[in-house]
Amino acid sequence: MASTKPGERKLQILQTLAGMLEQPKGERITTAALAGKLDVSEAALYRHFASKAQMFEGLIDFIESTVFGLINQITEQQENGLSQVQAITGMLLNFAERNPGMTRVMIGDALVNEDERLQVRMNQFIERVELAIRQSLRLAATQGQVSEAEAAVRANMIASLVVGRWHRFAKSGFKHNPTENAQAQIVVLLS
C-alpha cells in the first residue's frame, strides 16, 4: 500500500470499512481489525482520519451525496409528482440492496457505540429523505393526484416503509431484499 496516493488510500480505507460492514453478523468494527484488513498499522489509519468517527463520517458523506444527487436527478427528469415518489422510493431501496454495508450505517446499526453525532446525522438524513418525498407529494397535489392535506402523512408512511425495509434487509443478514414487492406496496400507499 506504500505506493498508493493519499486520496486513494483514504478511499481504500472507506471501501474496506464499508466491506467489513457487509458482514451479516454485524460485529463491531475496531480500528485494529480495519488496519488488519488493510495490512497497515492503526497509526497509518490515523494519518488519514483523526478518529474512527471521521471514517464513518466519510461513509455518511458518500451516502448523502449519492442519495440526494439521485433525488435531484429524479425531480429534474420527472414532471409527475407520483412518478417522482415512486422513483425516489425505488432508488432508496435499490441503493440499500446494492450497498449492504451502507444500509447498516443508514439504519444506525453500525453506529451503535460510536460518536452520538453520527446517529444524529443519520436521523437528519432520514428527515431530509422524508422531506424530499413530501415535496414530490405536494407537487402531485398541485397536479390533482393526491390530497394536499395528506401529503405529510403519506410521506411519513412511505419513509417509514423504506426505513423498515432497510432494517429488515440488515437484520435478515441481507437475505430479504428491500425491493421485493416494494413498488406494489408504494402504489397502495399512494392510492
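It should be emphasised that the depicted structure is a prediction, and the values quoted were computed from it without experimental measurement.

Draft legend 1. Fine view of the overall build of the protein chain. When helices and strands are tallied, the protein chain shows 9 helices and 0 strands. Each helix and strand of the protein chain, placed in order from N terminus to C terminus, yields the pattern α-α-α-α-α-α-α-α-α. Referenced to the eigenvectors of the C-alpha coordinate spread, the extents of the protein chain come out at roughly 60 × 30 × 25 Å. For the protein chain, the residues scored as buried account for 46% of the 191 residues in total. A sequence separation of at least 24 residues applies to 66% of the contacts in the protein chain between residues at least 6 apart. Split by element, the accessible area of the protein chain, about 9700 Å² in all, is 49% carbon and sulfur. For the protein chain, the distance from the average position of its 20 positive side-chain charges to the average position of its 20 negative side-chain charges is 4 Å.

Draft legend 2. Representation of the environment of Leu14 within the structure. Here Leu14 is to be found in helix H1 (residues 6-21). Since its relative accessible area comes to 15%, Leu14 is described here as buried. For the pair Leu14 and Leu34, spaced 20 residues apart in sequence, the C-alpha to C-alpha distance is 9.7 Å. What Leu14 contacts, discounting residues up to four positions off in sequence, is Phe49, Met55, Gly58 and Leu59.

Draft legend 3. Spotlight on the pattern of salt bridges. If you walk through the whole model with that rule in mind, you get 10 salt bridges. Where Arg104 meets Asp109, a salt bridge forms, and the shortest distance between an N and an O atom there is 3.0 Å. For Arg104, a relative accessible area of 4% gives the class buried. Members of the salt-bridge network, linked through shared partners, are Glu57, Asp115 and Arg117.

Draft legend 4. Here's a closer look at the nonpolar core. Counting 60 residues, the largest nonpolar core has Phe56, Leu59, Val67, Val105, Phe125, Leu137 and Trp166 as its most contacted members. Elements with a minimum of two residues in this core: H1, helix H2 (31-38), helix H4 (52-77), helix H5 (81-98), helix H6 (100-106), helix H7 (116-142), helix H8 (151-171) and helix H9 (182-190). Looking at which element gives the most residues to this core, the answer is H4, with 10 residues. Setting aside chain neighbours within four positions, we find Val105 in contact with Leu21, Phe56, Leu59, Ile60, Ile63, Ala110, Leu111 and Met122.

Draft legend 5. How the structure looks around the packing of aromatic side chains. In this structure the tally under the stated criterion is 4 aromatic pairs. Where Phe62 meets Phe95, the ring centres are 6.3 Å apart and the plane angle is 35°; that geometry is what we call tilted. Of the two residues, Phe62 sits in helix H4 while Phe95 sits in helix H5, which places them 33 residues apart along the sequence. Arranged with centres 5.5 Å apart and planes meeting at 70°, the rings of Phe68 and Phe125 form a pair that is edge-to-face. With Phe68 in helix H4 and Phe125 in helix H7, this pair connects stretches of sequence that are 57 residues apart.

Criteria and thresholds
- Residues numbered from 1 in each chain as written.
- Predicted model: local features only at pLDDT ≥ 70, side-chain atom pairs only at ≥ 80, totals over all residues.
- Heavy atoms only, no water.
- Helix = DSSP H or I, 4+ residues; strand = E, 2+ residues; numbered from the N terminus.
- Buried < 20%, exposed > 50% of the residue type's maximum accessible area, 1.4 Å probe, protein only.
- Contact = heavy atoms within 4.5 Å.
- Areas by Shrake-Rupley, 256 points an atom, 1.4 Å probe, with all protein chains shown as cover.
- Lys, Arg positive; Asp, Glu negative; His and termini not counted.
- Charge placed at Lys NZ, Arg CZ, Asp CG, Glu CD.
- Salt bridge = Lys/Arg side-chain N within 4 Å of Asp/Glu carboxyl O.
- Core = buried A, V, L, I, M, F, W, Y, C linked by side-chain atoms within 4.5 Å.
- Phe/Tyr/Trp six-rings, centres within 6.5 Å; stacked < 30°, edge-to-face > 60°.

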